[in-house]
Amino acid sequence: MATTIDGVRAPLLEPSRIIGDAEAPSDEAEVIIDIESNGGFDEEEEERFLAEIRVSNPFGFLGAEDSSFSVPAHTTIDPFRNNTPDVDGIYEWLKIAICLPIAIVRLVLFGLSLAVGYVATKFALAGWKDKGNPMPRWRRRVLWITRFCSRAILFSFGYHWIRRRGRPAAREVAPIVVCNHVSYIDPIFFFYEMFPTIVASESHDSIPFVGTIIRAMQVIYVNRFSSTSRKHAVNEIKRKAACDRFPRVLLFPEGTTTNGRVLISFQLGAFIPGYPIQPVVVRYPHVHFDQSWGDISLAKLMFRMFTQFHNFMEVEYLPVISPLENKKENTVNFAQRTSYAMANALNVVQTSHSYGDVMLLTKASEMKQLFNITKLEAVEFLDRFLSMNPDPSGRVKIQEFLRVLKLPVCSLSEKIFEFIDLEKLRSISFRQFIFASAHILKLPLFWQACELSFADCDSSGSGYILEHQLGEYIRPAIPEICDAEIRGLFNLFDIDGDGMISKDDFILCLQRNPLLVALFRPRLANKDLHVSGYGMLQRVI
């Protein structure tokens with residue numbers, strides 16, 4: 001999804017609160033200035049003052065106190081939310097206490113099964129060079145050891161029996177299988193059940209043990225952020241589905257895990273080749289413990305599985321769906337027919353929105369009510385968050401956060417991230433990111449700070465900011481910043497790419513990335529605390 005709002009600047013405040021008319025409420029902190037005869041601090045005092053600024057709340061100069069914003073509870077259906085993220089009730093605590101000794105045994109079984117499967121897989125792959133062609137039969141027979149180990153892993157997680165409905169179609173009838181994606185248990189089950197070729201993210205290759213095992217499945221890697229990678233993946237799906245010597249191809253067309261209560265829109269990679277497809281649906285019936293991999297950590301989810309008496313799983317193989325022969329059917333209609341059949345079998349809501357769209361729709365009403373931001377602005381925040389490569393649970397690490405905002409690792413950037421990371425998990429969710437961004441954007445002093453920062457940075461009065469001017473202006477906030485990092489920030493602010501930052505560029509960049517206003521805090525605060533900035537001080541503080 002890519003949406004631009006060139007030239008659009010939606011008002012977030014009533015006219016009475018726009019630049020020049022803002023009045024601080026009586027309960028806000030006041031700034032008292034003691035004007036000395038020498039006109040300001042000496043050098044030692046100023047350096048101490050700037051050091052304090054660099055390590056304190058990066059948005060305090062706008063009136064934002066530490067943890068001054070909060071993320072409200074979910075008010076709409078969220079297909080990515082685990083419904084039992086916390087242990088609740090005496091029964092659950094008692095069950096965990098009873099199952100702790102069992103959990104230790106299960107953990108040992110899990111470790112042994114994983115180790116044996118890994119060794120068998122390494123032996124099966126040893127010396128095999130031609131991985132582009134079907135795996136030789138003797139190597140596939142060795143991998144039966146790994147497949148039995150995967151069933152032992154399922155047993156260790158509490159899946160002692162798994163209810164099945166229907167049967168897998170023969171490979172020559174349906175070379176492609178698609179399934180809804182609820183948990184990391186899904187691919188483990190299908191590895192044991194049919195040993196398919198799967199389509200997986202490139203990042204999975206580096207996962208210890210798991211990366212080796214999925215390579216044995218002749219995995220088709222895809223980077224969903226790269227059009228070239230997606231096109232290559234479709235070609236590989238078509239090539240392997242066409243050859244009976246390859247195992248059938250398994251895809252999770254939703255592209256991410258959900259909680260199983262909504263079927264989000266399908267990516268089209270499985271349907272472009274035009275081969276018959278067998279849909280499969282998985283269910284995880286439960287009362288006390290939701291086994292879906294949503295906004296819950298992998299370690300916590302595994303611990304809860306280990307401490308259950310039994311975890312229920314149902315797999316239903318649906319009738320094969322083929323492209324219509326009596327008329328030319330496009331890929332989208334083929335995918336929609338398959339999605340409808342799966343949603344009908346699951347008895348869940350079928351939505352036409354993608355992963356990113358659903359994230360936006362579940363938050364947009366909250367954002368409009370709380371912060372009065374437009375849908376276009378919400379889309380901009382969503383695009384920015386998705387470009388940070390969230391993990392399967394929908395959270396972003398600080399490294400990806402800083403990469404997208406072009407910030408180096410320093411005390412200021414860490415303070416900005418900590419301001420958002422209310423749970424102190426060293427990762428942030430989309431809800432936290434959009435609420436924090438909109439909160440800063442809503443502050444009465446935000447636009448004044450933007451206007452003053454541009455005017456102060458444009459020291460020559462030319463109406464444009466050059467790269468060296470921007471570097472000089474933000475260096476008090478990040479003294480250790482290098483030229484390459486300054487260039488990255490300059491390119492981010494230079495919206496039209498003409499080598500200069502106009503006022504429109506500057507304002508639009510901060511509207512899209514309001515958290516970057518923290519870069520200008522030391523200059524604004526320092527200027528205001530000197531007598532020369534007293535006129536502007538009355539507008540900023």
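Reading the values: the criteria
Every chain is numbered on its own, with residues counted from 1 as its sequence reads. With pLDDT at 70 or above as the cut-off, local features in this predicted model cover only qualifying residues; side-chain atom pairs require 80 or more to be listed or tallied, and sums for whole chains, interfaces and linings still use all residues. As a rule here, side-chain values come from all non-hydrogen atoms in the structure, and water together with hydrogens is ignored. UniProt positions are given in the numbering used here, feature names are shortened, and annotations may be inferred rather than shown by experiment. Only runs of H or I of at least four residues qualify as helices and only runs of E of at least two qualify as strands under DSSP, and these elements are numbered from the N terminus. Should any heavy atoms of two residues lie within 4.5 Å, those residues are counted as being in contact. Residue-level accessible areas treat just the shown protein chains as cover; the underlying method is Shrake-Rupley with a 1.4 Å probe. For patch building, the residue pool is restricted to those with more than 30% relative accessible area and no salt bridge; the joining distance is 9 Å between like charges and 5 Å between nonpolar side chains (Val, Leu, Ile, Met, Phe, Trp, Tyr). Salt bridges, as used here, are contacts in which a Lys or Arg side-chain nitrogen is within 4 Å of a carboxyl oxygen on Asp or Glu. To estimate how far a helix should extend, the number of its residues minus one is multiplied by 1.5 Å. Any residue under 20% of the maximum accessible area for its type is buried, any over 50% is exposed, and the rest in between are partly exposed; the area is computed with a 1.4 Å probe on protein chains only. Helix axes are fitted to C-alpha atoms over the stretch in contact, other axes to C-alpha atoms as well, and angles between N-to-C directions run from 0 to 180 degrees. Left-handed is the label given to a crossing in which the near helix is rotated counterclockwise from the far helix by less than a right angle, and right-handed is the label when the rotation is clockwise. Each residue is assigned to one of three groups, with Ala, Val, Leu, Ile, Met, Phe, Trp, Tyr, Cys and Pro labelled nonpolar, Asp, Glu, Lys and Arg labelled charged, and all others, Gly among them, labelled polar. The rule for pairing is simple: two strands pair if DSSP sees at least two bridges between them. A pair of Phe, Tyr and Trp rings is counted when the ring centres sit within 6.5 Å of each other, with Trp represented by its six-membered ring. The angle between the planes then sorts it: under 30 degrees is stacked, over 60 is edge-to-face, the rest tilted. A clockwise path from the first strand over the helix to the second, with the strands pointing away from the viewer, defines a right-handed crossover.

With an unreviewed UniProt entry as reference, the protein chain is termed EF-hand domain-containing protein, source organism Stephania cephalantha. Regarding the protein chain, the UniProt comment filed under Pathway (unreviewed entry) reads as follows: "Lipid metabolism; phospholipid metabolism." In UniProt, the protein chain has this text filed under Subcellular location (unreviewed entry): "Membrane".

**Q** Outline the overall build of the protein chain, supporting the account with residue identities and numerical values.
**A** On a plain count of helices and strands, the protein chain comes out with 19 helices and 13 strands. Long-range pairs, those at least 24 residues apart, make up 74% of the contacts in the protein chain between residues at least 6 apart in sequence. Only carbon and sulfur atoms are counted for the fraction: they give 56% of the accessible area of the protein chain, which is about 25,900 Å².

**Q** Hey, could you go over a nonpolar patch on the surface for me, with residue numbers and the actual values?
**A** Where nonpolar side chains cluster on the molecular surface, the patch consists of Ile 90, Tyr 91, Leu 94, Ile 98 and Phe 309 and spans about 550 Å² of accessible area. Summarising the element assignment, Leu 94 is placed in helix 2 (residues 90-125).

**Q** Give a description of helix 14 (residues 446-457) that names residues and reports values.
**A** Its 12 residues give helix 14 an end-to-end C-alpha distance of 16 Å, which sits within 8% of 16 Å, the value for a rise of 1.5 Å per residue. With respect to burial, helix 14 is a largely interior element, 10 of its 12 residues being buried. The set of residues buried in helix 14 consists of Phe 446, Trp 447, Gln 448, Ala 449, Cys 450, Glu 451, Leu 452, Ser 453, Phe 454 and Cys 457.

**Q** Tell me what's going on with the side chain of Ser 437, and back it up with residues and numbers.
**A** Following the sequence through the fold, Ser 437 ends up in helix 13 (residues 430-442). With relative accessibility at 1%, the residue Ser 437 sits in the buried group. Discounting residues that sit within four places of it in the chain, Ser 437 has contacts with Phe 381, Pro 514 and Leu 515.

**Q** Which residues make up helix 13, and what values do they have?
**A** Across its 13 residues, helix 13 extends 18 Å between first and last C-alpha, which sits within 8% of the 18 Å expected from 1.5 Å per residue. The element helix 13 is largely enclosed, with a buried count of 12 among its 13 residues. Within helix 13, the full set of buried residues consists of Phe 430, Arg 431, Gln 432, Phe 433, Ile 434, Phe 435, Ala 436, Ser 437, Ala 438, His 439, Ile 440 and Leu 441.

**Q** Describe the pattern of salt bridges, and please don't skip the residues or the numbers.
**A** Side-chain pairing between opposite charges can occur once the charged atoms of the two side chains come close. Enumeration over the complete set of coordinates arrives at 15 salt bridges. The shortest N-O distance in the salt bridge between Lys 415 and Glu 418 comes to 3.9 Å. Highlighted residues: Lys 415 and Glu 418, both in helix 12 (residues 411-420), separated by three residues, approximately one helical turn. Take Lys 415: its relative accessible area is 30%, and that puts it in the partly exposed class.

**Q** I'd like a rundown of the packing of helix 14 against helix 17 (residues 503-512), residues and numbers included.
**A** When two helices pack together, their arrangement is given by the angle between the helix axes and the distance between those axes. Interhelical geometry of helix 14 versus helix 17 gives an angle of 145° and a closest axis separation of 10 Å. Where helix 14 crosses over helix 17, the two elements pack in a sense that is right-handed. For the pair helix 14 and helix 17, the contacting residues are Phe 446, Trp 447, Cys 450, Glu 451, Ser 453 and Phe 454 in the first and Lys 503, Phe 506, Ile 507, Leu 510 and Gln 511 in the second. For the contact of helix 14 with helix 17, a count of residues per class yields seven nonpolar, two polar and two charged.

**Q** Mind laying out the sheet that holds strand 8 (residues 314-317), listing which residues take part and the relevant values?
**A** Taken in spatial order, the seven strands make up an open sheet running 1-8-7-2-5-3-4, and their pairing is mixed. At either end of the open sheet lies a strand with only one pairing partner, and these are strand 1 (163-165) and strand 4 (220-222). Adjacent strand axes in the sheet meet at a mean angle of 25°, parallel and antiparallel pairs treated alike. Examined bridge by bridge, strand 2 (residues 176-179) and strand 7 (residues 277-283) share four bridges and lie parallel to one another. From the neighbouring strand, Cys 179 faces strand 7, where its bridge partner is Val 280.

**Q** Would you mind going over the packing of aromatic side chains in detail, with residue names and values included?
**A** Counted by the stated rule, this structure contains 23 aromatic pairs. Ring geometry for Phe 110 versus Phe 157: centroids 5.4 Å apart, planes at 55°, classification tilted. Of the two residues, Phe 110 sits in helix 2 while Phe 157 sits in the loop between helix 3 (137-156) and strand 1, which places them 47 residues apart along the sequence. The class of Phe 110 is buried, set by a relative accessible area of 17%. Its relative accessible area of 1% is what places Phe 157 among the buried residues.

**Q** Give me the lowdown on the pairing of strand 2, citing residues and values where you can.
**A** Burial of strand 2 is two-sided: the residues Ile 176 and Val 178 facing one way and the residues Val 177 and Cys 179 facing the other way are all buried. Sheet topology note: the strand 2/strand 5 (residues 249-251) ladder contains three bridges and is parallel. Looking at strand 5, one finds that Val 178 is bridged to Leu 251.

**Q** How would you explain unusual backbone geometry if you had to name every residue and give the values?
**A** Look at Phe 195: it is not a glycine, yet its phi comes out positive at around 45°. Among the structural elements, Phe 195 can be located in the loop between helix 4 (185-194) and strand 3 (197-201). For Phe 195, a relative accessible area of 2% puts it in the buried group. In this structure, Gln 218 is a non-glycine residue whose phi angle is positive, near 50°.

**Q** Can you tell me about the pairing of strand 3, naming the residues and giving the values?
**A** Where strand 3 lies against strand 5, two bridges are found, and the strand directions are parallel. What sits directly across from Thr 197, in strand 5, is Val 249. Sheet topology places strand 3 next to strand 4; three bridges connect them, and they run parallel. Counted as the bridge partner of Ser 201 is Val 222 from strand 4. On the question of chirality, the crossover connecting strand 3 to the parallel strand 4 by way of helix 5 (residues 210-216) is right-handed.

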